[in-house]
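Given next are the chains, with one letter for each unit.
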Amino acid sequence: MSTSPDPRHTSTGPADTLPLRDGVEIPVIGLGVFRSPAGRATQQAVIAALDAGYRHIDTAAVYGNEADVGHGLRASGLDRDQVFITTKLWNADHGYQPTLDAFERSRRQLGVDHIDLYLVHWPVPGTREETWRAMEHLLETGKARAIGVSNYMAHHLEELLGYAQHLPSVNQFEISPYNFRSRADVVDLSRKNGIQVEAYSPLTKGRKLDDPPLVRIAEAHGCSTAQVLIRWALQQGLVVLPKSTHADRIAGNADVFGFALTEDEMETLDALDENLVTAWDPTTTP
Ligand SMILES: NC(=O)c1ccc[n+]([C@@H]2O[C@H](COP(=O)([O-])OP(=O)(O)OC[C@H]3O[C@@H](n4cnc5c(N)ncnc54)[C@H](OP(=O)(O)O)[C@@H]3O)[C@@H](O)[C@H]2O)c1
């Protein structure tokens, strides 16, 4: 296991940033809105997050709530350039022109001039290179400030390194202590190529929040197990994307800057690895 904590971790709040390529900065905690229902629930979650100090929202075309993210953003009263918005290209829209068209639909749904980070949601076999060419075009024309990939495992990334004229700024995939060591190869390959790693499903979709070793560490710090998992991700140098539609949890999930996990606690958490996959497993995609 060569993956070690990223020494750049000096954040003091959810709006603090890490550097991506091309001078773009990404806030370290983003609100996830997967399975956040379209309509008021997502709008209110976004408003609650921005009230709690988040400056980063992670949505996707396939989540069906981009318009609600845009509504929440406008209702917050914050300027557009104060909030980092990520959305993603869905699998049915791969290929050069379909990618450009899908981007435009997402941009309109969100009601924004540009998107801060546009990600290829999944490494769909067959059209990855021409899809990436379209992503590069979106970057070159300034429609997306940064481009990246999601669910790209080491073999997808190796392939992309062979054809990319502009490397991804970000690789987003499932990470928690329950699978981090199993993903060390793709974490290391991403970092070696200057690609920021983002952790999705950092709370294991709620499945491990009562796991005794995790509970013991939370008790030692007088915090929730969700906060331990988010703090762990930050100390690993990851951008972390917890999802909730509850305002109190949204605020609590960003309140992780008043304590630090010790090296022993980080080691205990890393040792929980069981190659957990809570949804789809991209390692099996050719
Ligand atoms: N690129 C991809 O393929 C991909 C895949 C999956 C996820 N993602 C992104 O990553 C984000 C997060 O992942 P996720 O939604 O799969 O799962 P997650 O963040 O690991 O877990 C979310 C679950 O935890 C609950 N929860 C949140 N805070 C809690 C707290 N403090 N205490 C107890 N329970 C809490 C939520 O319930 P409530 O909402 O009821 O609070 C929800 O059931 C997504 O929303 C999405 O933006 C990306």
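In this report, the structure presented in the accompanying data block is examined. It should be emphasised that the depicted structure is a prediction, and the values quoted were computed from it without experimental measurement. (Residues numbered from 1 in each chain as written. Predicted model: local features only at pLDDT ≥ 70, side-chain atom pairs only at ≥ 80, totals over all residues. Heavy atoms only, no water.)

1. Some thoughts on the site of the ligand
The following threshold applies: Residues are labelled near a given molecule or strand when at least one of their non-hydrogen atoms is within 4 Å of it. Two N or O atoms form a polar contact when they lie within 3.5 Å of each other; inside protein one atom must be a possible hydrogen donor and the other a possible acceptor, and for residues adjacent in sequence the pair counts only when both atoms belong to side chains. In this description, accessible areas are obtained by the Shrake-Rupley approach with a 1.4 Å probe, and a residue is regarded as covered only by the protein chains that are shown. Gly is placed with the polar residues, together with every amino acid not listed as nonpolar (Ala, Val, Leu, Ile, Met, Phe, Trp, Tyr, Cys and Pro) or charged (Asp, Glu, Lys and Arg).
Neighbouring the ligand are 26 residues, the closest being Asp58, Ser150, Lys243, Ser244 and Arg249. Within the backbone of lysine 205, one N or O atom sits 3.0 Å away from an oxygen atom of the ligand. Here an oxygen atom of the ligand sits 2.8 Å away from a polar atom, N or O, in the side chain of lysine 243. Contact with the protein chains covers 87% of the free accessible surface of the ligand, which is 900 Å². Residue classes in the shell around the ligand are distributed as 10 nonpolar, 11 polar and 5 charged.

2. Some details on the packing of aromatic side chains
Stated precisely, the cut-off is as follows: Whether two aromatic rings pair depends on their centres lying within 6.5 Å, for rings of Phe, Tyr and Trp, where Trp uses its six-membered ring; planes under 30 degrees apart make the pair stacked, over 60 edge-to-face, and the rest tilted. Every helix listed is a DSSP run of H or I at least four residues long, and every strand listed is a run of E at least two residues long, numbered separately from the N terminus. Burial classes: relative accessible area under 20% of the type maximum marks a residue as buried, over 50% as exposed, and values in between as partly exposed (1.4 Å probe, protein chains only). We call a charge positioned above a ring when the Lys NZ or Arg CZ atom is no farther than 6 Å from the ring centre and deviates by at most 35 degrees from the ring normal.
Taken as a whole, this structure holds 4 aromatic pairs when the rule is applied. Pairing phenylalanine 34 with tryptophan 280 gives two aromatic rings, centres 5.9 Å apart and planes at 50 degrees, and the pair type is tilted. Taken together, the positions of phenylalanine 34 in the loop between strand S3 (31-32) and helix H1 (40-51) and tryptophan 280 in the segment after helix H10 (263-270) put the pair 246 residues apart, joining distant regions of the chain. Centroid distance phenylalanine 180 to tryptophan 232: 5.1 Å. Interplanar angle 90 degrees. Geometry classified as edge-to-face. Of this pair, phenylalanine 180 sits in the loop between strand S8 (170-174) and helix H6 (184-192) while tryptophan 232 sits in helix H8 (residues 225-235); the two residues are 52 residues apart in sequence, bridging distant segments of the chain. Side by side, phenylalanine 180 and tryptophan 232 carry an identical accessibility label, which is buried. An aromatic cluster is present here, built from Phe34, Tyr63 and Trp280 joined pairwise through their rings. Over the ring of phenylalanine 259 we find arginine 231; its NZ or CZ atom is 6.0 Å from the centre of that ring.

3. Some remarks on the nonpolar core
A general trend in soluble globular proteins is that nonpolar side chains are found buried together. To keep it simple, the criterion reads: Residues enter a nonpolar core if they are buried and are Ala, Val, Leu, Ile, Met, Phe, Trp, Tyr or Cys, with the set joined through side-chain atoms within 4.5 Å. Any two residues whose heavy atoms approach within 4.5 Å at even a single point are treated as in contact.
Core analysis: the biggest nonpolar cluster contains 86 residues, and Leu31, Ile57, Tyr118, Trp132, Ile175 and Trp232 have the highest contact counts within it. Discounting chain neighbours no more than four positions away, the residues touching leucine 31 are Ala45, Val46, Ala49, Tyr54, His56, Ile57, Asp58, Pro242, Ser244 and Ile250.

4. Here we look at the side chain of glutamine 43
Residue placement: glutamine 43 occurs in helix H1. With a relative accessible area of 15%, glutamine 43 lands in the buried category.

5. Regarding the sheet that holds strand S7 (residues 144-150)
The strands making up a sheet associate through hydrogen bonds between their backbones, and the pairing can be parallel or antiparallel. What counts here: For two strands to be treated as a pair, DSSP must find no fewer than two bridges joining them.
Spatial ordering of the open sheet is given by S3-S4-S5-S6-S7-S8-S9-S10, a layout of 8 strands whose pairing is parallel. What marks the edges here is a single partner per strand, and that holds for S3 and strand S10 (239-240). With 3 bridges connecting them, strand S4 (residues 56-58) and strand S5 (residues 84-89) associate as parallel partners. Bridging from a neighbouring strand, histidine 56 pairs with phenylalanine 84 of S5.

6. Looking at unusual backbone geometry
Even without being glycine, asparagine 151 reaches a positive phi, approximately 65 degrees. In this fold, asparagine 151 is placed in the loop between S7 and helix H5 (154-163). In this model, asparagine 275 sits at a positive phi of 55 degrees, which is unusual for a non-glycine residue. Inspection of the secondary structure puts asparagine 275 in the segment after H10.

7. Some remarks on the pairing of S5
Residues in a regular strand project their side chains so that they alternate between the two faces of the sheet. Threshold: A crossover gets the label right-handed when its path from the first strand over the helix to the second runs clockwise, viewed with the strands pointing away from the viewer.
Across the 6 residues that make up S5, a large majority, 6, are buried. A crossover connection joins S4 to the parallel S5 through helix H2 (residues 66-75); in handedness this β-α-β unit is right-handed. Where S5 meets strand S6 (residues 115-120), 4 bridges bridge the pair, whose relative direction is parallel. Within the sheet, the bridge partner assigned to threonine 87 lies in S6 and is tyrosine 118. With helix H3 (residues 96-110) bridging S5 and the parallel S6, this β-α-β connection has right-handed handedness.

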